[in-house]
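What the coordinates show
The primary structure of each chain is shown beneath.
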Amino acid sequence: MPEAINYFDEVREVVQEMGGQDITVCMQCGLCSGSCPWGRMEKESPFSIRQMLYMGRLGLEGFESDDILYACTTCGQCVVRCPRDVKIIDIVRAMRSVVAETGGIPKNLKAVLGSINSQGNPWSQDSEKRTIWAKDLDIPTYTDQEYLLYVCCTSAFDGRSQKIARAIATTLQKSGVSFGIIGNEEKCCGEAVRKIGAEEEFTALAEHNIELFKEKGVKKIITTSPHCFYTFKNEYPELGGEFEVIHYTELYANLIKEGQIKPVKGLAKKVIYHEPCYLGRHSKVFEAPREILSAIPEVQNIEFDKTKDNSMCCSGGGARIWMETEAGLRFSDVKAQEAMDKEADYLVTACPYCIVMLEDSLKNIDKDEKMAVKDISELISEAID
Ligand code: SF4
Ligand code: SF4
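Below, the structure is looked at part by part. (Residues numbered from 1 in each chain as written. Chains lettered and ligands numbered in written order. Predicted model: local features only at pLDDT ≥ 70, side-chain atom pairs only at ≥ 80, totals over all residues.)

Comments concerning the pairing of strand S4 (residues 244–247)
Each regular strand displays side chains that alternate between the two surfaces of the sheet. Two strands pair when backbone bridges link them, and strand S3 (residues 220–223) and S4 are joined in this way by four bridges, in the parallel orientation. Note on S4: the bridge partner recorded for Lys220 is Glu244. (Pairing = 2+ DSSP bridges. Helix = DSSP H or I, 4+ residues; strand = E, 2+ residues; numbered from the N terminus.)

Take a look at the structure:
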């Protein structure tokens, strides 16, 4: 039997280096585990954040497995609940970084890091094709425009998600927003890379992008993904990257108020909004997406039972998007089913990861294709002239 490793002291040290917090402030009340979406899944999961925090100490075998340490989606629900303000996601990152140093990360995530190192994106795509989504759109290269439009790796390369990048770019063009793209020289923002525990790779990506943005004179950035938004805003400043960052939904909400985006075409559909964790709970952008949806004529907006800080995650964060999750165990399955039960026509969100997860779930439960998954940008692109 392999020797049990005591992770606790090492993790405690890494966490203290990262944020100065001593994880022994945890009083083991269990509120984190009680609020974790894994507890809502039909089949019982071995995952428990509280147990996980202390498994490191016990050195239990299997602690690094896909369904324990790597099960966390970093949704932040437990962080909102914790009475001791334990930085649970930082602890998960620290634990993963300790495991990463021993080469013990899951196979799929090793492939993601390989692709990041060779191509600068997690999707094993040719870095020279980063602007393929913009074909025939006549989008200017960034020179001295007001905004850089940073298109996330998923929307740059994934066929479904490219439609979102195209919808956003064409709406900005029609609204007279001054923007340009950099494209092939950009690399992944590194959000998921950091959540895998690969700190060195994250720093390399961030330093590359920061230098590139500064060299081009970028001051303001529009992001298509909440994950890039969160990272540019909260993590790049640590490395000297101070930019004014806005998620496209915030910009749209402002442009609607100022009359630069005018949704005029009616959409007689029942629409339910799924809150992306990194836009909602992590960044507190709760109103802008709802304001945009309310501005579309004839739309009937409905809500999930739990919203905003209590909204259930899709399962795609924390690098889970690249890991296999059995059907019926994905949080997006629960969200898609609830949207179906409420008879929504469109399940709407504002994040490329959420779109991937929700569409996957819908394929399993909506055999009659009664409901569709849409990004808010797609609804606006259809609603303007
Ligand atoms: S909610 Fe906070 S204090 Fe309670 S067990 Fe979880 S981490 Fe510890
Ligand atoms: S961040 Fe989300 S998935 Fe991870 S332990 Fe907390 S509640 Fe569970």
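Focus on the site of ligand 1
By nearness alone, 14 residues border ligand 1, and Cys26, Cys29, Cys32, Cys82 and Val86 come closest of all. Within the shell around ligand 1, the residues separate by chemical class into nine nonpolar, two polar and three charged. (Near = placed C-beta within 6 Å. Nonpolar A, V, L, I, M, F, W, Y, C, P; charged D, E, K, R; others polar.)

Things to note about the nonpolar core
Judged by nonpolar contacts, the single largest core of 114 residues is most densely connected at Leu148, Leu149, Ile222, Tyr252, Leu347, Val348 and Leu358. Looking at which element gives the most residues to this core, the answer is helix H5 (residues 88–101), with eight residues. Setting aside anything within four residues of it in sequence, one finds Ile222 in contact with Tyr147, Leu149, Tyr150, Phe179, Ile246, Tyr248 and Leu251. (Core = buried A, V, L, I, M, F, W, Y, C linked by C-beta atoms within 7 Å. Buried ≥ 20, exposed ≤ 12 C-beta atoms within 10 Å, placed from the backbone. Contact = placed C-beta atoms within 7 Å.)

Here's the deal with the site of ligand 2
As a matter of local geometry, ligand 2 sits amid 14 residues, with Cys36, Cys72, Cys75, Gln77 and Cys78 nearest to it. When residues of the shell around ligand 2 are traced back to their parent elements, those giving at least two are helix H4 (77–81) and H5.

Looking at unusual backbone geometry
Positioned with a positive phi, Thr74 is a non-glycine residue whose angle comes to about 55°. Within the fold, Thr74 resides in the loop between helix H3 (49–58) and H4. On the neighbour-count criterion, Thr74 (24 C-beta atoms within 10 Å) is buried. In this structure, Ser315 takes a positive phi of about 100° despite not being glycine.

That is the geometry; function is a separate question.
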